[in-house]
Amino acid sequence: MKARYDYPRQSRLRRTTDISAVFRGGKRVRGRFVDIIETSSPGSESRLAVIVAKRGHSAVERNKVRRLLREIARTSWLPARRHAGGSRDMIVRARAEAYGASAAALAADFERCTREVGC
């Protein structure tokens, strides 16, 4: 069976109230390139938000980091959550160091942080 690597709308944390709830009640793990905050989801689907601050960088640079992090989560975390069952909400916040990191370094840091947070 082919793995499901899509990123549908119901898998995105979009509302400010939902994002604020994760920040308030979530478990935090700080990595070298990303900070991860996660908590249980009130719905039946695991959801993800990627936050990349401006930090003096251009929109092109911010979007590159955002796309890389979203792709890493889409191909590793979301399928693992679907397979494991249960639903979690997770925020991935890029740190300033993420702008200079390679895709492999971002992926390794993301994987380490998700293991540490327990999802």
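Preceding block: the structure.
Residues numbered from 1 in each chain as written. Predicted model: local features only at pLDDT ≥ 70, side-chain atom pairs only at ≥ 80, totals over all residues. Heavy atoms only, no water.

(A) Just the overall build of the chain, in detail. Within the chain one finds three helices and four strands. Taken from the N to the C terminus, the helices and strands of the chain come in the order α-β-β-β-α-β-α. Relative to a compact globule of 119 residues, whose C-alpha radius of gyration would be 14 Å, the chain shows 14 Å and is just as compact. When the backbone C-alpha atoms are referred to their principal axes, the chain occupies close to 35 × 35 × 25 Å. Expressed as a percentage of its 119 residues, the buried residues of the chain come to 41%. Of the roughly 6,800 Å² of accessible surface on the chain, 50% is carried by carbon and sulfur atoms. Across the chain, the mean location of the 27 positive side-chain charges is 4 Å away from that of the 12 negative side-chain charges. (Helix = DSSP H or I, 4+ residues; strand = E, 2+ residues; numbered from the N terminus. Rg over C-alpha atoms; globule rule 2.2 N^0.38 Å. Buried < 20%, exposed > 50% of the residue type's maximum accessible area, 1.4 Å probe, protein only. Areas by Shrake-Rupley, 256 points an atom, 1.4 Å probe, with all protein chains shown as cover. Lys, Arg positive; Asp, Glu negative; His and termini not counted. Charge placed at Lys NZ, Arg CZ, Asp CG, Glu CD.)

(B) Seen up close, the sheet that holds strand E3 (residues 47-52). One open sheet accounts for four strands, arranged E1-E2-E4-E3; its pairing is mixed. What marks the edges here is a single partner per strand, and that holds for strand E1 (27-30) and E3. On average, each strand axis in the sheet is tilted by 15° relative to the strand beside it, whichever way the strands run. As defined by bridge partners, strand E2 (residues 34-40) adjoins strand E4 (residues 88-94) across seven bridges and the pair is classed as antiparallel. Residue pairing in the sheet places Thr39 in a bridge with Asp89 of E4. Against the sheet, helix H1 (residues 16-25) makes contact with E1, E2, E3 and E4, and its axis sits at roughly 100° relative to E2, the strand it touches most. (Pairing = 2+ DSSP bridges. Axes fitted to C-alpha atoms, helices over the stretch in contact; angles between N-to-C directions. Contact = heavy atoms within 4.5 Å.)

(C) Focus on the environment of Asp89. Within the fold, Asp89 resides in strand E4. Not counting residues within four places of it along the chain, the set of residues in contact with Asp89 comprises Leu13, Val22, Ile37, Glu38, Thr39, Ser40, Ser41, Pro42, Glu45 and Arg47.

(D) Structural detail: the nonpolar core. If you look at the biggest cluster of nonpolar residues, it comprises 24 residues, and the most contacted ones within it are Ile36, Leu48, Leu69, Val92 and Phe110. Only E2, E3, helix H2 (59-84), E4 and helix H3 (103-117) provide two or more residues apiece to this core. In terms of residues, this core owes the most to one element, H2, which gives six residues. If we ignore the near neighbours within four places in the chain, the residues touching Leu69 are Val34, Val50, Val92, Ala94 and Leu106. Grouped together as the second largest cluster of nonpolar side chains are six residues, Leu13, Ile19, Ile37 and Ala49 included. (Core = buried A, V, L, I, M, F, W, Y, C linked by side-chain atoms within 4.5 Å.)

(E) Focus on the pairing of E2. Summarising burial for E2: six of the seven residues are buried, a large majority. The pairing of E1 with E2 spans four bridges and is classified as antiparallel. Its bridge partner being in E2, Lys27 is matched across the sheet by Glu38. Connecting the antiparallel pair E1 and E2 is a turn made up of three residues.

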